[in-house]
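Structural description and commentary
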Amino acid sequence: YTEAIDLWSVGCIYAELLGMLEGTKTIDRGPLFPGSSCFPLSPDRKHRHDSSFHTRGSVDQLNVIFELLGTPSDDDVASLQREESRKHIRACGHRAGKGIRTRFPHAPAESLDIVESMLKFMPRDRIAVSRALQHPLFADIRDPSKETTASGTISLDFDRESVVTETMLRQWLAVEIGKYHDRSEEHTSE
């Protein structure tokens, strides 16, 4: 787990916010990469071992990603650790992808540039957090004097659990949020 995963998430969230700009049809708003399965983690039970089934249609999340961003290069696929992953991606066939700009033609160029730099399929190709923060998009709102960097890896309680239920995760997040919420503000407004 590296910051590259977080950058992918931020890129998806920001793209979804771009979908709320004026000029977007309400029907087009929603998840950037909707999918109901992601082979091999949650394949259709009837086709559990049929990777070619999952490379057709629009339910497999990787298929949805490739439709927009294109498929990884042969070199990128070859660098993947798991043979099952390489086989599945190769079965998807080569696609150039429609591109982020076709999805959000009304969005400012700087916004599209940062999203494209965050949504690179290979984690090593994504923009680093430090470079992302220096992007011109943030020039008017960024205050580096208020920014801090953790001195080491941050670990939350649920990172150490082998099984985490939704209830457990909600409880841990509530405790973590509570650390930053000034409870005295609640009493002053009463």
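These remarks concern the structure in this document. (Residues numbered from 1 in each chain as written. Predicted model: local features only at pLDDT ≥ 70, side-chain atom pairs only at ≥ 80, totals over all residues. Heavy atoms only, no water.)

Our focus in this paragraph is the overall build of the protein. Within the protein one finds 10 helices and 0 strands. Counting every position in the protein, which comprises 190 residues, the buried fraction comes to 27%. A separation threshold of at least 6 residues defines the contact pool for the protein, and within that pool the share at least 24 residues apart is 57%. With the model as given, the accessible surface of the protein reaches about 13400 Å², and the carbon-plus-sulfur share is 54%. (Helix = DSSP H or I, 4+ residues; strand = E, 2+ residues; numbered from the N terminus. Buried < 20%, exposed > 50% of the residue type's maximum accessible area, 1.4 Å probe, protein only. Contact = heavy atoms within 4.5 Å. Areas by Shrake-Rupley, 256 points an atom, 1.4 Å probe, with all protein chains shown as cover.)

By the definition in use, this model includes 9 salt bridges. Across the pair Glu116 and Arg101 runs a salt bridge, and its minimum N-O distance is 3.0 Å. Remark: Arg101 occurs in helix H6 (residues 100-103) and Glu116 occurs in helix H7 (residues 109-118); sequence separation between them is 15 residues. A residue is classified by how much of its surface remains accessible, and Glu116, at 25% relative accessible area, is partly exposed. For Arg101, a relative accessible area of 38% corresponds to the partly exposed category. One salt bridge connects Glu176 with Lys179, and the closest N-O pair in it is separated by 3.2 Å. Judged by its relative accessible area of 56%, Lys179 is exposed. Residues joined by salt bridges that share partners form a network here, namely Asp76, Arg124 and Asp125. (Salt bridge = Lys/Arg side-chain N within 4 Å of Asp/Glu carboxyl O.)

Once that is clear, we can look at the side chain of Arg86. Along the chain, Arg86 falls in helix H5 (residues 83-91). Judged by its relative accessible area of 15%, Arg86 falls in the buried class. Here Gln81 takes part through its backbone oxygen, which lies 3.3 Å from a polar atom of the side chain of Arg86. Leave out the neighbours within four places in its chain, and Arg86 touches Val77, Ala78, Leu80 and Gln81. (Polar contact = N/O pair within 3.5 Å; in protein donor to acceptor, adjacent residues only side chain to side chain.)

A word on the packing of aromatic side chains. Within the structure shown, the criterion is met by 2 aromatic pairs. Ring geometry for Trp8 versus Phe33: centroids 5.7 Å apart, planes at 20°, classification stacked. Separated by 25 residues along the polypeptide, Trp8 in helix H1 (residues 3-18) and Phe33 in the loop between H1 and helix H2 (51-54) bring together distant segments of the chain. (Phe/Tyr/Trp six-rings, centres within 6.5 Å; stacked < 30°, edge-to-face > 60°.)

Relative to the elements of secondary structure, Ala15 occurs in helix H1. Overall, Ala15 belongs to the buried group, its relative accessible area being 0%. C-alpha of Ala15 to C-alpha of Arg103: the two residues are 88 residues apart in sequence and 9.3 Å apart in space. Those residues in contact with Ala15, other than ones at most four positions away along the chain, are Leu32, Phe104 and Val115.

Any functional reading would require information beyond the geometric quantities listed.
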